[in-house]
Amino acid sequence: MFFSARSVIDETFAPSVGATFGLYAGILIFCGLFCSYCTELFARLQTPSVILNVLLALVTIIGLPIARRHDLNPAAFTFTHWENLYHWPSGFTFFVSWRHCTR
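Residues numbered from 1 in each chain as written. Predicted model: local features only at pLDDT ≥ 70, side-chain atom pairs only at ≥ 80, totals over all residues. Heavy atoms only, no water.

### Structural notes on the overall build of the protein chain
For the protein chain, the helix and strand inventory stands at five helices and zero strands. Along the protein chain, from the amino end to the carboxyl end, the secondary structure elements read α-α-α-α-α. For 103 residues, the compact-globule formula gives about 13 Å, and the C-alpha radius of gyration of the protein chain, at 22 Å, lies well above that figure. Seen through its C-alpha atoms, the protein chain measures out along the principal axes to roughly 55 × 35 × 30 Å. Looking at the 103 residues of the protein chain, the share that counts as buried comes to 3%. (Helix = DSSP H or I, 4+ residues; strand = E, 2+ residues; numbered from the N terminus. Rg over C-alpha atoms; globule rule 2.2 N^0.38 Å. Buried < 20%, exposed > 50% of the residue type's maximum accessible area, 1.4 Å probe, protein only.)

Right, dumping it as structure tokens:
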């Protein structure tokens, strides 16, 4: 996210491998120190964080279908229809499609 914010400001920005690793290491060290030495603050932030995550999940689960109610596919289409867009056999494509969903 840090590099993405930088690329919004300067479209020609491309982080080097060293900068990416440095940012990763810095965040990892910060999180380790925060979790080790700020346990009281961490404990106080945990409950509001859990409540906020549950509320946002509910808003997404309930709000998304309401907001898109006119553009949803019918249940029969959603659960029974799929298209083979590859030249592989249909059974093989079905199982390989699960791999492509995780990317």
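### Remarks on the environment of arginine 69
Turning to its location among the elements, arginine 69 is positioned in the loop between helix H3 (39–67) and helix H4 (75–80). At 2.6 Å, the side chain of arginine 69 forms a polar contact with the backbone oxygen of isoleucine 66. (Polar contact = N/O pair within 3.5 Å; in protein donor to acceptor, adjacent residues only side chain to side chain.)

### With respect to the environment of phenylalanine 42
Of note, phenylalanine 42 is situated in helix H3. In this structure the C-alpha to C-alpha distance between phenylalanine 42 and serine 4, which are 38 residues apart in sequence, comes to 27 Å. If we ignore the near neighbours within four places in the chain, the residues touching phenylalanine 42 are Phe34 and Cys35. (Contact = heavy atoms within 4.5 Å.)

### Digging into the packing of aromatic side chains
Taken as a whole and assessed by the stated rule, the structure comprises four aromatic pairs. Judged by centre distance (5.7 Å) and plane angle (45°), the ring pair of phenylalanine 3 and phenylalanine 13 falls under tilted. Within this pair, whereas phenylalanine 3 is found in helix H1 (residues 2–9), its partner phenylalanine 13 is found in the loop between H1 and helix H2 (17–37), the two being separated by ten residues in sequence. Within the aromatic cluster, the residues linked to one another by ring pairs are Phe30, Phe34 and Phe42. (Phe/Tyr/Trp six-rings, centres within 6.5 Å; stacked < 30°, edge-to-face > 60°.)

### Quick notes on the packing of H2 against H3
Between H2 and H3, whose axes approach to 5 Å, the crossing angle comes to 95°. It follows that H2 is roughly perpendicular to H3 by the angle criterion. Residues Phe34, Cys35, Ser36 and Tyr37 of H2 pack against Thr39, Leu41, Phe42 and Leu45 of H3. Along the lines of polarity and charge, the residues of the contact of H2 with H3 split into six nonpolar, two polar and no charged. (Axes fitted to C-alpha atoms, helices over the stretch in contact; angles between N-to-C directions. Parallel < 35°, antiparallel > 145°, perpendicular 65-115°, else oblique. Nonpolar A, V, L, I, M, F, W, Y, C, P; charged D, E, K, R; others polar.)

### Some remarks on the confidence of the model for the protein chain
Close reading of the predicted structure is inappropriate where its pLDDT is low. When pLDDT is averaged across the protein chain, the result is 86; 95% of the residues are at 70 or more. In the model of the protein chain, helix H5 (residues 90–101) stands out as the element of lowest mean pLDDT, 70, in contrast to H2, which has the highest, 94. (pLDDT = per-residue confidence, 0-100.)

### Here's the deal with the pattern of salt bridges
When the charged atoms of two side chains lie near each other, side chains of opposite charge can form a pair. Using the criterion set out here, one finds two salt bridges in the structure. In this structure, arginine 44 and glutamate 40 form a salt bridge, with 3.6 Å as the shortest nitrogen-oxygen distance. A residue pair is termed a helical-turn pair when its members lie 3 or 4 positions apart in one helix, as arginine 44 and glutamate 40 do in helix H3 at four residues. Residue arginine 44 shares its accessibility class with glutamate 40, and that shared class is exposed. In this structure, aspartate 71 and arginine 68 form a salt bridge, with 3.6 Å as the shortest nitrogen-oxygen distance. A relative accessible area of 52% places aspartate 71 in the exposed class. (Salt bridge = Lys/Arg side-chain N within 4 Å of Asp/Glu carboxyl O.)

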